[in-house]
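What follows is each chain in one-letter form.
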Amino acid sequence: MSSAGSVYARTNEEIPGVPGFLSEARPTSAKWMSREEAIMGTSIRVELWHEDPMMGDAAMAAVMEEMHRIDRAMSPFKPESELSRLNREAAKAPVPVSWEVFELIARSIEFSKLSEGAFDITFASVGSMFDYRNGIKPTAAKIAAALPGIDYRHIRLDRRQRTIQFARESVQIDLGGIAKGYAVDNCVALLKARGVREALVMAGGDSRVLGDKRGRPWMIGIRDPRQKDTMVAMIPLVDAAISTSGDYERYFEADGVRYHHILDPRTGISATGVRSVTIVGPDATTTEGISKSVFIMGPDRGIRFVESLPGIDAVIIDGDGKMHYTAGLRREQPTSSVRSR
């Protein structure tokens, strides 16, 4: 457990029975601090314990700047970002990119192979045609025309030249299924480097905790996918990451159908049969990538997949509101209750 260290207030009172010994009293400035901003299209939150409030403020500011930096590089909505430049130019010729973007795309392809294509950043070949804020979806004909662009094998990496090229003209990529987790991991590393030992960094549904919370585990809630302010389970975590992907994050409904942002790469339309997937693991890049993969796989295949991965656990809420746990979490017996709706 992290403590307040050597930050103490001196007192002139003698300890009874020990003449001349000045006692060291409680810490005067150590405290919990938090900050929240809207970045990367979601809510970014950092909470930490620091003995020095000024250093704590500086650490939180550094977290927010790192989030902004990654957003500037990887946002598909910023024309000047590296990702946008790739989507404009990579079908024409190999595009040089930073090592950071190259390695994250390479990691994305690893998740695609691991999940047998359930995770696929080329989903944007169809996904870019949806407008969830304004309730706009492409026609079935447009989806069918763009669907051949969804295949992670269309992404050609040249590590020696550090370039990326697309094999088809229609290919588009979006790192939204992994970039927030990556950003969270970067920020946790940044806090560690600054001497922070207890912290929470959260980017939307992706979180990672550093250490514990003054001797107790961090308690991270899993929300009811159909009731925003209701938690259906609480997961105790220490030095771990947790990601939740849900059909309630970005969606609209039309003709009784929920169109959400987690598209099945095989069909180009919103995956069905699952309301949310929560993954617990060692780092947020991993938990975010796996949460998207399992959402596409569905409960049965998803549970088998997660249980084949060391150090990973899952909670899946299926389309009927039933909860499914991997063996590691069943042993913990988290309190849970979801009504079918």
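Cut-offs used in this document
Residues numbered from 1 in each chain as written. Predicted model: local features only at pLDDT ≥ 70, side-chain atom pairs only at ≥ 80, totals over all residues. Heavy atoms only, no water. Core = buried A, V, L, I, M, F, W, Y, C linked by side-chain atoms within 4.5 Å. Buried < 20%, exposed > 50% of the residue type's maximum accessible area, 1.4 Å probe, protein only. Helix = DSSP H or I, 4+ residues; strand = E, 2+ residues; numbered from the N terminus. Contact = heavy atoms within 4.5 Å. Patch = residues over 30% accessible without salt bridge, like charges linked within 9 Å, V, L, I, M, F, W, Y side chains within 5 Å. Areas by Shrake-Rupley, 256 points an atom, 1.4 Å probe, with all protein chains shown as cover. Salt bridge = Lys/Arg side-chain N within 4 Å of Asp/Glu carboxyl O. Lys, Arg positive; Asp, Glu negative; His and termini not counted. Pairing = 2+ DSSP bridges. Arc of directions from axis to C-beta.

Caption draft 1: View of the nonpolar core. The biggest cluster of nonpolar side chains holds 67 residues, and the ones touching the most others in it are Met-67, Ile-105 and Leu-191. Ranked by residue count, the leading element in this core is helix H1 (residues 53–74), at eight residues. In contact with Met-67, not counting residues within four places along its chain, are Ile-39, Met-40, Ile-44, Ala-183, Val-184, Cys-187, Val-201 and Ala-203. Membership of the second largest hydrophobic core comes to 17 residues, among which are Ile-222, Ala-233, Leu-237 and Val-315.

Caption draft 2: Spotlight on helix H2 (residues 82–89). Taken together, the buried positions of H2 are occupied by Glu-82, Leu-83, Ser-84, Leu-86 and Asn-87. Tucked inside the fold, the buried residues of H2 contact H1, strand E5 (95–96), helix H3 (99–114) and strand E7 (163–166).

Caption draft 3: Spotlight on a nonpolar patch on the surface. Side chains of Met-219, Met-231 and Met-234 sit close together on the surface and give an oily, nonpolar patch of about 280 Å² of accessible area. Structurally, Met-234 can be placed in strand E11 (residues 227–237).

Caption draft 4: Spotlight on the side chain of Glu-82. Along the polypeptide, Glu-82 turns up in helix H2. Buried within the structure, Glu-82 lacks any salt-bridge partner; its nearest side chain of opposite charge belongs to Arg-85, at an N-O separation of 4.2 Å. Each residue touching Glu-82, except ones within four places of it in the same chain, is listed here: Arg-72, Ala-73, Val-97, Ser-98 and Val-101.

Caption draft 5: Fine view of unusual backbone geometry. In the Ramachandran plot, Arg-162 falls in the positive-phi region, its phi being about 55° despite a non-glycine side chain. Within the secondary structure layout, Arg-162 lies in the loop between strand E6 (155–158) and E7. Even without being a glycine, Asp-255 presents a positive backbone phi close to 55°. With respect to the element layout, Asp-255 can be found in the loop between strand E13 (251–254) and strand E14 (257–260).

Caption draft 6: A look at the pairing of strand E9 (residues 206–210). Of all five residues that make up E9, five are buried, and the element is covered over most of its length. Residues Asp-206, Arg-208 and Leu-210 line one face of E9 and the alternating positions Ser-207 and Val-209 line the opposite face, and both faces are buried. The pairing of strand E8 (residues 199–203) with E9 spans five bridges and is classified as antiparallel. Directly across from Val-201, in E9, lies its bridge partner Arg-208. Between E8 and E9, which pair antiparallel and follow one another directly, the connecting turn spans two residues, one of which, Gly-204, has a positive phi of 60°. Two strands pair when backbone bridges link them, and E9 and strand E12 (residues 240–246) are joined in this way by four bridges, in the antiparallel orientation. Bridging from a neighbouring strand, Val-209 pairs with Ala-240 of E12.

Caption draft 7: Spatial organisation of helix H8 (residues 299–307). Residues of H8 that are buried include every one of Pro-299, Gly-302, Ile-303, Phe-305 and Val-306, and no others. When H8 is viewed along its axis, its buried side chains cluster within an angular range of 160° and face the same direction. Structural note: H8 exposes Asp-300 and Arg-304 on the side pointing more than 90 degrees away from its buried face. Those residues of H8 that are buried lie in contact with H3, strand E15 (274–281), helix H7 (284–297), strand E16 (313–318) and strand E17 (323–325).

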